[in-house]
Amino acid sequence: MARTRRWALGFIGTLALFALLPAWQAGAVPRYAARYEQNCMLCHVNPTGGGMRSAYASQDLVPKELAMAPAKPGAFTLLDAHLNKHITIGADFRNQFMLFSESSNTASQQGFFPMQGDVHLAFQFDPKYLLYFKRGVSNTYEFYSLAHVLPWDGYVKGGRFVPPYGWKFDDHTMFVRAFEGFTPPVNSDAGIEIGLAPKLGDLQVALVNGSRGSTLDNDRRLAVSGLASVRFRVGPVAATTGVSAYTHPGLSEDLNTAGLFGSLNIGNFTWVGQADRTRLDPYNGPPVGGSVASHEWSWLVRQGVEALATYDFYDPDRELKTGAISRWGVGFKVMPRPFLAAEALYRTTDVDPGRAFPGRDFDEGVFQLHLFY
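Residues numbered from 1 in each chain as written. Predicted model: local features only at pLDDT ≥ 70, side-chain atom pairs only at ≥ 80, totals over all residues. Heavy atoms only, no water.

### Quick notes on the overall build of the protein chain
Quick reminder of the rule: Only runs of H or I of at least four residues qualify as helices and only runs of E of at least two qualify as strands under DSSP, and these elements are numbered from the N terminus. Relative accessibility thresholds used throughout: buried, under 20% of the residue-type maximum; exposed, over 50%; partly exposed, between the two (1.4 Å probe, protein chains only). Per-residue and other accessible areas follow the Shrake-Rupley method at a 1.4 Å probe size, with only the shown protein chains counted as cover for residues.
Within the protein chain, the regular secondary structure consists of four helices and 16 strands. Considering the protein chain as a whole, with its 373 residues, one finds that 49% of them fall into the buried category. Summing over all exposed atoms, the protein chain offers an accessible surface of approximately 17,800 Å²; the carbon and sulfur share of this is 65%.

Right, here's the structure in full:
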């Protein structure tokens, strides 16, 4: 029970910490959405975030406000990703170099890791209808049609995509992504999704196969995933609060996850966090309930330079001592050019050993180069 309370106290403590911060004045990675008080459509073609960036993000926001040195006016023409009036292309390449302490179970796997190599294509039939395709070198793929035909900037999506759930952290090793089934290449699923985006919030619901990573449904039982969030401001503090849930009644067990996510931004400081409860209900045994949480703090040192800190916690069984892990990280990210970003992180993982996590405490260093277009 002490481990279960730990993530909850961390969540409440984060809210209290930011409430006490002084009111500095500020001159979609989730923290970008928090800073600009917008949803993911500010930067991405996909209303739920991730994948190809919007024309506004690639040609205006990133060159002028996110990169270290604002691009010269003549450079904007070089960033034009339009093949013609109706077809847009994009790409993402991430290469990592990872170091693990000898106590880690993955110490032998350290070295270079080509984490991502994606090509994006968007076919804009008219202002409301779009066909999107993404293919990655690690067998990751998404393809869907998108129709902006509902009120409140609403849309209908159909095809293969990552279901809406909590924050889409760009670091897929964040525990709320890695331990809840949102790690590529098995994070996308086939189905339909609808979303509404009124001025102060978002509502997104998807009906999917429940067989992430598979082309077809494998149990004849569909899953539902969704979220609802509200954005608001209290004095100098911009905030987001939301709930998300995922349920899949399977053949041999039912899977249910749900939790809270939110963000706070004041001046150059941003917190983004998520805390979930998981429940695995097998047909031939007692249910198993777990807790998982991820937090990220960032400080915008100057345009294009950010200091980062992270915390993750996961306990797969709150009733039995099967083991748990927690992880702290610190690092920085720089974006010297509108198409180039580099990141360095040091992380230490504390293992409470048990059947689920039989390993020992370990440290790791992660260095990442990201090229995007």
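Past the structure itself, the notes keep going.
### Observations concerning the pattern of salt bridges
Inclusion rule: A carboxyl oxygen of Asp or Glu within 4 Å of a side-chain nitrogen of Lys or Arg is what we treat as a salt bridge.
One pass over the structure, following the stated rule, counts 12 salt bridges. For Arg53, the salt bridge is made with Asp92, and the minimal N-O distance between the two is 3.0 Å. Linking Arg53 in the loop between helix 2 (30–36) and helix 3 (55–66) with Asp92 in strand 1 (residues 87–100), this pair joins segments that are 39 residues apart in sequence. Assessed through its relative accessible area of 16%, Arg53 is described here as buried. Of the residues examined, Asp92 reaches a relative accessible area of 5% and is grouped as buried. Taken together, the shared-partner salt bridges in this structure form one network comprising Arg31, Arg35, Glu296 and Glu306.

### Digging into the packing of aromatic side chains
For any pair of aromatic rings, geometry is given as the distance between the ring centres together with the angle between the planes. Filter applied, for reference: In this scheme Phe, Tyr and Trp rings, the latter by its six-membered ring, pair at centre separations within 6.5 Å, and the angle between planes marks the pair as stacked below 30 degrees, edge-to-face above 60, and tilted otherwise.
A complete count under the given rule lists 12 aromatic pairs for this structure. Look at Phe97 and Phe112: their rings are 4.7 Å apart centre to centre, the planes differ by 55°, and that puts the pair in the tilted class. Of this pair, Phe97 sits in strand 1 while Phe112 is found in strand 2 (residues 111–126), placing the two residues 15 residues apart along the sequence. Overall, Phe97 belongs to the partly exposed group, its relative accessible area being 27%.

### Examining helix 3
Going by this rule: Note on contacts: a residue pair qualifies if any of its non-hydrogen atoms lie within 4.5 Å across the two residues.
Inspection of helix 3 places Ala57, Ser58, Leu61, Val62, Pro63 and Leu66 among the buried residues, and these make up the whole buried set. Elements in contact with the buried residues of helix 3: helix 2, strand 14 (324–337) and strand 16 (362–372).

### With respect to the pairing of strand 16
Regular strands place side chains that alternate from one sheet face to the opposite one. Test applied: When DSSP finds two or more bridges between a pair of strands, those strands are recorded as paired.
Where strand 1 meets strand 16, nine bridges bridge the pair, whose relative direction is antiparallel. Looking across to strand 16, one finds that Phe93 is bridged to Leu371. Two strands pair when backbone bridges link them, and strand 15 (residues 340–352) and strand 16 are joined in this way by 10 bridges, in the antiparallel orientation. Across the sheet, residue Leu340 finds its bridge partner in strand 16, namely Leu371.

### Focus on the environment of Gly259
Along the polypeptide, Gly259 turns up in strand 10 (residues 253–266). Each C-alpha atom of the pair Gly259 and Ala293 lies 9.3 Å from the other, and the pair is 34 residues apart in sequence. Every residue in contact with Gly259, bar those within four places of it in the chain, is listed here: Tyr165, Gly242, Val243, Ser244, Ala275 and Asp276.

### A look at unusual backbone geometry
With a phi angle near 55°, Glu37 is a residue other than glycine that sits in the positive phi range. Residue classification places Glu37 among the partly exposed residues on the basis of a relative accessible area of 32%. One non-glycine residue with positive phi stands out, namely Asp153, at about 55°. Looking at where Asp153 falls in the secondary structure, it is placed in the loop between strand 4 (141–150) and strand 5 (154–161). Owing to a relative accessible area of 56%, Asp153 belongs among the exposed residues under this scheme.

### As for the environment of Val186
Considering the arrangement of structural elements, one finds Val186 in the loop between helix 4 (175–178) and strand 6 (189–196). For Val186, a relative accessible area of 42% puts it in the partly exposed group. For the pair Val186 and Gly213, spaced 27 residues apart in sequence, the C-alpha separation works out to 3.9 Å. Discounting residues that sit within four places of it in the chain, Val186 has contacts with Gly181, Arg212 and Gly213.

### Describing the state of the cysteines
Heads up, the condition is: In what follows, a disulfide is any cysteine sulfur pair within 2.5 Å.
Here the structure, examined in full by the defined rule, presents zero disulfides. A disulfide-free cysteine, Cys40 has its sulfur positioned 8.4 Å from the sulfur of Cys43, the nearest such atom.

### Some thoughts on the pairing of strand 9 (residues 237–249)
Sheet topology note: the strand 8 (residues 223–234)/strand 9 ladder contains 11 bridges and is antiparallel. The residue of strand 9 that forms the bridge with Leu227 is Ser244. From the end of strand 8 to the start of strand 9, which pair antiparallel, there are two residues, and Gly235 there has a positive phi angle of about 60°. The pairing of strand 9 with strand 10 spans 12 bridges and is classified as antiparallel.

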